[in-house]
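A look at the structure
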Amino acid sequence: MIAPHSSSAPATAPATVAARTVTKAVVPAAGLGTRFLPATKATPKEMLPVVDKPAIQYVVEEAAAAGLDDVLMVTGRHKRAIEDHFDNAFELEQALAAKGDAVRLDAVRDPARLANIHHIRQGEPLGLGHAVLCARRHVGDQPFAVLLGDDLIDPRETLLSRMLDVRDRYAGSVVALMEVPPEQIHLYGCAAVTATGEEDVVRVTGLVEKPSRQDAPSAYAVIGRYVLDPAVFGVLERTAPGRGGEIQLTDALQELAAGGTVHGVVFDGLRYDTGDKADYLRTVVRLACDRDDLGPEFVAWLKEFVARLENGTDTARRRIAA
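Residues numbered from 1 in each chain as written. Predicted model: local features only at pLDDT ≥ 70, side-chain atom pairs only at ≥ 80, totals over all residues. Heavy atoms only, no water.

Brief notes about the overall build of the protein chain
Broken down by element type, the protein chain carries 13 helices and 13 strands. Against the globule reference of 20 Å for 322 residues, the protein chain gives a C-alpha radius of gyration of 21 Å, in line with a compact fold. The buried share of the protein chain, taken over its 322 residues, is 45%. Here the protein chain holds 36 positive side-chain charges and 45 negative ones, and the gap between their average locations is 4 Å. (Helix = DSSP H or I, 4+ residues; strand = E, 2+ residues; numbered from the N terminus. Rg over C-alpha atoms; globule rule 2.2 N^0.38 Å. Buried < 20%, exposed > 50% of the residue type's maximum accessible area, 1.4 Å probe, protein only. Lys, Arg positive; Asp, Glu negative; His and termini not counted. Charge placed at Lys NZ, Arg CZ, Asp CG, Glu CD.)

The structure is reproduced here in structure tokens:
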């Protein structure tokens, strides 16, 4: 059994982060957000709030914490709010400064200070592989990380730093893997793996995009963190549209895996899927409970709310809602 990586692993030392060979991150954010309509009719799904920050800010914070100070957002039409969020807001900042509201002023300024953030538009929603290919000119011939905006990794975890360590050791590309129940494997890309000499690291020998339960080569699902070798661009250029008529990153990684250049980090820490309504709600509740400023009061209310729900009366529901 492969031992997974989790938050029990020590955080990467600052000196190691400074010596990284990977400094760039790509964040695909061009999706239409159809699962959250009508909320996403005029608001990018990546800008939906998770407590008091948009989901995509957590992703950029994760990249910055791992030492990636150059972030490219691959967006689409009607995504201007993402660009505005990571820009300076002079009028708002001046108003907060005039009020002496230092706490909110820092919160407003923080997104623009996280990293050097760039934006490019995908043009057409042709799949994750195409979104990654859009980053080719910006990335050049350097290895780079890809962080999907729907996948939030708890800020206390060190998954991305661990993946960067594995890239530094083995070269090639690295994907994040989680073991999932057999009935859920059809929702993910799935990896065929063999063990290495490291407990939480595997060699990926094959990848299948959203296989049936019967066709899945393992229980290891690919989640939304990748560290990619620039060789992936050449493969993506000749990758034909696959499942759903889209250019799948999984298909390109399958070719690289056949050449023995893809490894996986097996992760069992805290991950939140904000692309699913139920998981989005669970994410908000979990992160709110973890907050020092909100948690104690919110947890007390939540316990009372659940107790009244279990009581089963409509009157109790109305009273607790008030």
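Some thoughts on the pairing of strand 4 (residues 70–75)
Of all six residues that make up strand 4, six are buried, and the element is covered over most of its length. Here strand 1 (residues 24–28) pairs with strand 4 via five bridges, running parallel. In the strand pairing of strand 4, V26 is matched with L72. Summarising the sheet, strand 4 and strand 5 (residues 116–121) pair through six bridges and their orientation is parallel. Opposite V71, over in strand 5, you have I117 as the bridge partner. (Pairing = 2+ DSSP bridges.)

What to know about the packing of aromatic side chains
Aromatic rings considered in pairs are described by the distance between their centres and by the relative angle of their planes. Applying the stated criterion across every chain yields a total of four aromatic pairs. When the centroid spacing of 5.5 Å and the interplanar angle of 80° are considered together, the rings of F36 and Y280 count as edge-to-face. Taken together, the positions of F36 in the loop between strand 1 and strand 2 (49–50) and Y280 in helix 11 (residues 277–290) put the pair 244 residues apart, joining distant regions of the chain. Among the residues examined, F36 registers a relative accessible area of 11% and is labelled buried. According to the relative accessible area criterion, Y280 is buried, its value standing at 13%. The interplanar angle of 5° and the centroid separation of 5.1 Å between the aromatic rings of F144 and F233 together place this pair among those described as stacked. (Phe/Tyr/Trp six-rings, centres within 6.5 Å; stacked < 30°, edge-to-face > 60°.)

Considering the nonpolar core
Counting residues in hydrophobic clusters, the biggest one holds 42 residues, and the most contacted among them are I56, L68, M73, L159, L160 and V227. Contact partners of L160, with chain neighbours within four places excluded, come to E62, A63, A66, L68, A145, L147 and V227. (Core = buried A, V, L, I, M, F, W, Y, C linked by side-chain atoms within 4.5 Å. Contact = heavy atoms within 4.5 Å.)

Quick look at the pairing of strand 12 (residues 262–266)
Side-chain positions along a regular strand alternate between the two faces of the sheet. By the criterion of burial, strand 12 is predominantly enclosed, with five of the five residues buried. Burial along strand 12 is two-sided: V262, G264 and V266 facing one way and H263 and V265 facing the other are all buried. Relative to strand 12, strand 8 (residues 173–179) runs parallel, the two sharing five bridges. Each residue of the ladder has a partner; that of A176, found in strand 12, is V265. Note: strand 10 (residues 201–209) against strand 12, three bridges, orientation antiparallel. Looking at the pairing, R203 lines up with H263 of strand 12.

Side note on the side chain of D151
On the secondary structure map, D151 appears in strand 7 (residues 151–153). Given a relative accessible area of 7%, D151 falls into the buried group. Excluding anything up to four places from it in sequence, D151 contacts V59, I223, G224, R225, R271, Y272 and D273.

Quick look at the packing of helix 11 against helix 12 (residues 295–311)
It is the contact of helix 11 with helix 12, at a shortest axis distance of 7 Å, that shows an interaxial angle of 130°. Judged on the interaxial angle alone, helix 12 and helix 11 are oblique. Taking contact as the criterion, the partners of V285, A288 and C289 in helix 11 are, on helix 12, G295, F298, V299 and L302. Within the contact of helix 11 with helix 12, the residues separate by chemical class into six nonpolar, one polar and no charged. (Axes fitted to C-alpha atoms, helices over the stretch in contact; angles between N-to-C directions. Parallel < 35°, antiparallel > 145°, perpendicular 65-115°, else oblique. Nonpolar A, V, L, I, M, F, W, Y, C, P; charged D, E, K, R; others polar.)

Some points on the packing of helix 4 (residues 90–99) against helix 5 (residues 102–113)
Interhelical geometry of helix 4 versus helix 5 gives an angle of 160° and a closest axis separation of 9 Å. With respect to helix 5, the axis of helix 4 lies roughly antiparallel. Where helix 4 crosses over helix 5, the handedness of that crossing is left-handed. Only R104, L105, V108 and R109 of helix 5 make contact with helix 4, whose side of the interface consists of L92, E93, L96 and A97. Here the residues of the contact of helix 4 with helix 5 sort into five nonpolar, no polar and three charged. (Left-handed = near helix turned anticlockwise from the far one by under 90°.)

Describing the pattern of salt bridges
Under the counting rule described, the total for this entry stands at 23 salt bridges. In the salt-bridge network here, residues are joined through shared partners; they are D154, R156, R286 and D290. (Salt bridge = Lys/Arg side-chain N within 4 Å of Asp/Glu carboxyl O.)

Points about helix 8 (residues 159–170)
Its twelve residues place the ends of helix 8 16 Å apart at the C-alpha level, agreeing with the 16 Å of an ideal helix rising 1.5 Å per residue. All buried positions along helix 8 are accounted for by L159, L160, S161, R162, M163, L164, V166 and R167. Taken from the residues just after helix 8, A171 is the one with a positive phi, measuring 65°. (Expected span 1.5 Å × (residues − 1).)

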